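Working through the structure, step by step
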Amino acid sequence: MAAPVRIFLLVLLLLGPGGWGRAEPPRDSLREELVITPLPSGDVAATFQFRTCWEWVSHYRLFPKALGQLISKYSLRELHLSLTQGFWRTRYWGTPFLQAPSGAELWAWFQDTVTDVDESWKELSNVLSGIFCASLNFIDSTNTVTPTASFKPLGLANGTDHSFLRYAVLPREVVCTENLTPWKKLLPCSSKAGLSVLLKADRLFHTSYHSQAVHIRPVCRNARCTSVSWELRQTLSVVFDAFVTGQGKKDWSLFRMFSRTLTEPCPLASESRVYVDVTSYGQDNETLEVYPPPLTTYQDVILGTRKTYAVYDLLDAAVVSNSRSLNIQLKWKRPPENGYIHYQPAQDRMQPHLLEMLIQLPASSITKVSIQFERALLKWTEYTPDPNHGFYVSPSVLSALVPSVVAAKPGDWEESPLFNSLFPVSDSSSYFVRLYTEPLLVSLPTPDFSMPYNVVCLTCTVVAVCYGSFYNLLTRTFQIEEPRKGGLVKRLANLIRRARGVPPL
Amino acid sequence: MGLLSDPVRRRALARLVLRLNAPLCVLSYVAGIAWFLALAFPPLTQRTYMSENAMGSTMVEEQFAGGDRARSLARDFAAHRRKSGALPVAWLERTMRSVGLEVYTQSFSRKLPFPDETHERYMVSGINVYGILRHLAASTESLVLTVPCGPDSTNSQAVGLMLALAAHFRGQIYWAKDIIFLVTEHDLLGTEAWLEAYHDVNITGMQSSPLQGRAGAIQAAVALELSSDVVTSLDVAVEGLNGQLPNLDLLNLFQTFCQKGGLLCTLQGKLQPQDWTSIDGPLQSVQTLLLMVLQQASGRPHGAHGLFLRYRVEALTLRGINSFRQYKYDLVAVGKALEGMFRKLNHLLERLHQSFFFYLLPALSRFVSIGLYMPAAGFLLLVLGLKALELWMQLHEAGVGPEEAGENPPHPLTQGVGLASLVAPLLVSQAMGLALYILPVLGQHVATQHFPVAEAEAVVLTLLAIYAAGLALPHNTHRVVSTQAPDRGWMALKLVALIYLALQLACITLTNFSLGFLLAASMVPAAAITKPSGPRYVLLSPHCRARTPPHGFYLTRSSSPPGASAPPQGALRCPAGADEPSSYTPGQLVPVAGAAGGTALPDRGLAALPGHAGPGRAGAPHLRRPALPTAGSGPLPLLAALLERALLEVTEAAGSSPRSLLPRK
């Protein structure tokens, strides 16, 4: 009698969460999205975005537990991590949805309850290093800065006290499959179903640009912002080289790019879409194998529900190409009056230089910021194992609020495509871009760590030793000293010997 | 024991040094020259070997097959060039873009110091075109393949091959560094303009537009010169500006792919000697070595690569030679060698640093390292050291000459050498060197403004003027005498000059061995042998003067020929028969103005100075010995001045006078 009841209870428990989910709107949700953009240069950019929302109190259903525990343990308010190989060539590819610097970039906002931000930052970077198999544990005080003007919180924020912000870049970090695998494991469907089946490492790393990122921030759950949930966005951008992948031809297909096709959506996802930019093309000169086939197009957008695409498109065509064709040099003699300059000088082996400038650029101009530096010798233990490779200087960051040519329609933020909703927009007359420059490889004076160096050291030592003795030998005069008669002991001994009749010493 | 502190032994040692000095000097000089010639022979030359691990094996499969494409591109390029009369910039841009490169141009102009004799132009302006092949990583490192184009339509095959290679490289995915394909106009002028703009410096006064595209730190560069569709051999040039050389590994790399592809490769236009056992092989390598030394000593870049070396970019130039040999290679073979080299360079993790930077090449596969060739220069410089030692001994042990060791020294050597008196001649000769360095350029402008001479003539005339002024140098430096021992003056001056010369030669030898060695070989004998001679005035020393007429002083001009003149230490003192007036050369008595007058005599090199009392002879005015006009000053300061000029040119970072950048004829 008792056994059936127990079984029944067990079944109820197992079905429990599903039952609640059906009863009220699910607290966790997953949206996935792929945007394919043919670039002006003939290359093709593909941007994946996976957005998982999570209510703080609920269980870990879709949200990865590793990151959820991280948030509570280190009192995070926001976390942004990107691992990038390559460099987004804005001049040829246009403005990116989301650019990241080459190497690893990590920035985080902590809650204002955190007392020791530096300590939490250090632990956080170490934990993330383990989660993503990246060398983030090399982040320390020498490459961490606290920007004061850029890197505002992207999510809901009460205050912006910049002392709770930390920012670090590791330009040397190489991104490869071992970083992609843990990133894929964070996805609710992993790489089993949905868009993530396309994430095949051997194709993704044969590209001109590969950037994967994780963004965690608090967002409003609804339009009235009555409750707050955590949003995890995983983005991955790749640019396929037309000359290498497509043998110089401009037509492409998902199969040719990823060597996979989409078969089924992720069953956990509430939305799964592929956007293809066909704005700059005529009709149907691409072969596109996607599932489901394009049903809804709005203006020039395939498989999109809402039209937010024209904004980017027009900007690409008009704004970017205009400034590209003009070439008027302008050098700042001094910063403009209404600028803001924050400079934090470096302390040797303690903290890096931080230079922040808020400047208003004249239209159609080139601004050149040059920094003079001296090459110095490091301490010999500070040289890397490959000192002749050079030392990296982190890329600089350019954040700008660019006025739009065409005002975007104010739409529902929740419903707009993911690629358009990462950066919060206060008004629709301008949009936010963040660009990064290339990292710089500087070769410092390097002592010769090779065999001749050792030989020189050894020879000099030997010569120094020999020189001392030879100089002594040549300049010192030696005299033979007559031995003294002997001490008291000897005299006593001789007395005894004489008494014994033995010859004295 | 106490070899140096014991006065007796020290004197013995000094005697030994003084006696053996001349043979030792000769021996050392001969040893230096002989060592240098021996550098071409196997015990001193070693086989080259690849030191860089990343380029260790040649397991690269070259797949370049664009020979036809290269030839047709070259034909197109030549046709467009003939049509436009200049670099066909638009065609190059279009072609590079069509093979998938990021294309940029750079315009530059430079005012020539001398008009181009063939075109009578002062202003040279041109446009460089370059395309960047981007790869996956973030453009922090790059390799350069450059083709310098001169005024005539040579080198179009090189452009064709470069473009075909670019098309081939673009389709590959293994690149870990960006590759820059650069076509420069006006040969080295364009290369220099591009390099300066790339590194954002301006050291030669070039006006150029800033570069729009960069690709990080350049790791290595190869310059290509090809003027025919087929080649019989490839010549490699390594000597750069001021004798700089690329890392030996780059040359090894080239040689490896020469061997792999079966190409015929030459160095200084000479094939590698095959037979090292007979005398022919080493003789040929001596020739190659001498040619290289002459090339390196000239200090001018032996190809476009020479300018890269200044920016610490390892580079070399490959020249296709088409001679009358039977067997010829087409562009595919050259392209495969280049492809192999670039793929190997692509593997580099660090910039080339493992192998030698200082070497001499008696053959393509043989080298002499710095440790083995420096003794040759060391032996030559030892001569100067020995001479200086001799002078030092003479100055300090003057009385202890070998012939009169028994007697007491006639002069108490209480008075040291007046080093302060050496300051003036040294400063004058330094100023002279500086003037030689600066004035020709300044004087050229002045001369062309005020005199009806051409620019090129003005430089020569200014140089002549400075050398003429240099002849007056003894006038200004002859005051170097000490009151007591007249010869000590020139000895001290020569001592300082010898040490100075040796130091400067050593410095030059370190940076540019060939220049240093050639200078040392020619200057050392002159500097060592030089002694005061010619018109000379022997001072009557006080005790010789005892029997001279009390109312005046006389100087004797020793008119004996230099070879027959007494040795310096003899001249220090009265000659043996100096107490007899008859020993003075008759008819050469020169009355000197009164001691109080202190007026300089108009006679050359003769000066009477205000008399002052010598020690122990109060009130007795006596003359300074008028300084052996050509003695201490002699040619040595002039040599030093010349040398200083050479040194300045070597060490100057800007290095080259603009002449070295002129388009080659």
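Labelled according to an unreviewed UniProt entry, chain B appears under the name GPI-anchor transamidase component GPAA1, originating from Bos mutus grunniens. Under Subunit (unreviewed entry), UniProt gives the following word-for-word description of chain B: "Heteropentamer. Part of the GPI-anchor transamidase complex, consisting of PIGK, PIGT, PIGS, PIGU and GAA1. Interacts with PIGK." In its Pathway (unreviewed entry) section, the UniProt entry covering chain B states "Glycolipid biosynthesis; glycosylphosphatidylinositol-anchor biosynthesis."

Chain A carries the name Phosphatidylinositol glycan anchor biosynthesis class T in an unreviewed UniProt entry, which gives Bos mutus grunniens as its organism.

This paragraph deals with the overall build of chain A. Counting its secondary structure elements, chain A contains 10 helices and 17 strands. Among the 505 residues that make up chain A, the fraction classed as buried is 41%. Long-range contacts, defined as pairs at least 24 residues apart, comprise 75% of the intrachain contacts of chain A with a sequence gap of at least 6. Accessible surface for chain A amounts to roughly 28,300 Å². Of this, 59% is attributable to carbon and sulfur atoms.

On to the pairing of strand β8 (residues 228-240) of chain A, then. For a regular strand, the rule is simple: side chains alternate between the two faces of the sheet. All names here are of chain A. Burial runs high along β8: 12 of the 13 residues are buried. One ladder, built from 11 bridges, connects strand β2 (residues 44-54) with β8; its direction is antiparallel. Across the sheet, residue Gln49 finds its bridge partner in β8, namely Thr235. Judged from the 12 bridges that link them, strand β7 (residues 209-220) and β8 form a sheet pairing that is antiparallel. Paired with Gln212 across the two strands is Leu236, which belongs to β8.

So, on to the pairing of strand β10 (residues 314-321) of chain B. Residue and element names in this part refer to chain B. For β10, the tally of buried residues reaches six of eight residues, placing the bulk of the element in the interior. Judged from the six bridges that link them, strand β7 (residues 217-225) and β10 form a sheet pairing that is parallel. From the neighbouring strand, Ala223 faces β10, where its bridge partner is Thr317. In this structure, strand β8 (residues 233-237) lies alongside β10, joined through five bridges in antiparallel fashion. Looking at β10, one finds that Ala237 is bridged to Thr317.

Another point: the environment of Ala363 of chain B. Assignment of secondary structure puts Ala363 of chain B in strand β11 (residues 359-363). According to the relative accessible area criterion, Ala363 of chain B is buried, its value standing at 3%.

This paragraph deals with the pattern of salt bridges. Any two side chains of opposite charge can pair, so long as their charged atoms come close to each other. Taken as a whole, this structure holds 16 salt bridges over all chains when the rule is applied. In this structure, the salt-bridge partner of Arg233 of chain A is Glu231 of chain A, at a minimum N-O distance of 3.1 Å. Residue Glu231 of chain A is classed as buried on the basis of its relative accessible area, which comes to 0%. Two residues, Glu102 of chain B and Arg134 of chain B, come together in a salt bridge whose shortest N-O distance is 2.8 Å.

With 35 residues of chain A in contact, the opposing surface of chain B contributes 32 residues. Summing both partners gives a buried area of about 2,700 Å² for chain A against chain B, and 54% of it is carried by carbon and sulfur. At the boundary of chain A with chain B, the tally comes to two salt bridges. Here Arg170 of chain B and Asp241 of chain A are joined by a salt bridge, their closest N and O atoms 2.8 Å apart. Elements that contribute at least two residues to the side of chain A that touches chain B include exactly β3 (76-86), α3 (90-93) and α9 (451-475) of chain A. Among the elements that make up the side of chain A that touches chain B, the one with the highest residue count is α9 of chain A (three residues). Class assignment of the residues belonging to the side of chain A that touches chain B gives a composition of 15 nonpolar, 13 polar and seven charged.

So, on to the UniProt feature "transmembrane region" (unreviewed entry) in chain B. Per the UniProt record, "transmembrane region" (unreviewed entry) is found at residues 20-41, 356-384, 417-439, 451-473 and 493-521 of chain B. Each end of residues 356-384 of chain B is marked by a C-alpha atom, and these two atoms are 29 Å apart; helix forms 52% of the span and strand 31%.

Attention shifts here to the sheet that holds β10 of chain B. Residue and element names in this part refer to chain B. Pairing within the open sheet is mixed, and its nine strands lie in the order β6-β2-β3-β5-β4-β7-β10-β8-β9. The open sheet has two free edges, formed respectively by β6 (207-208) and β9 (265-267), since each of these has just one partner strand. Along the sheet, helix α5 (residues 187-198) contacts β2 (102-111), β3 (123-133), β4 (141-149), β5 (178-185), β6 and β7; its crossing angle with β5, the most-contacted strand, is approximately 135°.

Further remarks concern the state of the cysteines. Per the stated rule, a full pass over the model turns up one disulfide over all chains. Unpaired in terms of disulfides, Cys460 of chain A finds its nearest cysteine sulfur in Cys457 of chain A, a separation of 6.9 Å.

With 15 residues, helix α4 (residues 156-170) of chain B extends 21 Å between its outermost C-alpha atoms, agreeing within 8% with the 21 Å of an ideal straight helix rising 1.5 Å per residue. Of all 15 residues in α4 of chain B, 15 are buried; the element is thus mostly enclosed.

All names here are of chain B. Across the sheet, which stays open at both edges, the three strands sit in the order β1-β12-β11 with antiparallel pairing between neighbours. A single partner strand is all that each edge strand has here, and the edge strands are β1 (46-47) and β11. Of the pairings in the sheet, the one linking β11 to strand β12 (residues 366-369) comprises three bridges and is antiparallel in character. Residue pairing in the sheet places Tyr359 in a bridge with Ser369 of β12. Across the sheet, helix α10 (residues 370-396) is in contact with β1, β11 and β12; its angle to β12 comes to roughly 60°.

For the rest of this paragraph, the subject is a nonpolar patch on the surface. There is a patch of nonpolar side chains on the surface, built from Ile341, Tyr343, Leu355, Met357, Val369 and Ile371 of chain A and spanning about 570 Å² of accessible area. Inspection of the secondary structure puts Met357 of chain A in strand β13 (residues 354-358).

Thresholds applied
- Residues numbered from 1 in each chain as written.
- Chains lettered and ligands numbered in written order.
- Predicted model: local features only at pLDDT ≥ 70, side-chain atom pairs only at ≥ 80, totals over all residues.
- Heavy atoms only, no water.
- UniProt positions renumbered as here; feature names shortened; annotations may be inferred.
- Helix = DSSP H or I, 4+ residues; strand = E, 2+ residues; numbered from the N terminus.
- Buried < 20%, exposed > 50% of the residue type's maximum accessible area, 1.4 Å probe, protein only.
- Contact = heavy atoms within 4.5 Å.
- Areas by Shrake-Rupley, 256 points an atom, 1.4 Å probe, with all protein chains shown as cover.
- Pairing = 2+ DSSP bridges.
- Salt bridge = Lys/Arg side-chain N within 4 Å of Asp/Glu carboxyl O.
- Buried area = accessible area lost by both parts, 1.4 Å probe.
- Nonpolar A, V, L, I, M, F, W, Y, C, P; charged D, E, K, R; others polar.
- Axes fitted to C-alpha atoms, helices over the stretch in contact; angles between N-to-C directions.
- Disulfide = S-S within 2.5 Å.
- Expected span 1.5 Å × (residues − 1).
- Patch = residues over 30% accessible without salt bridge, like charges linked within 9 Å, V, L, I, M, F, W, Y side chains within 5 Å.

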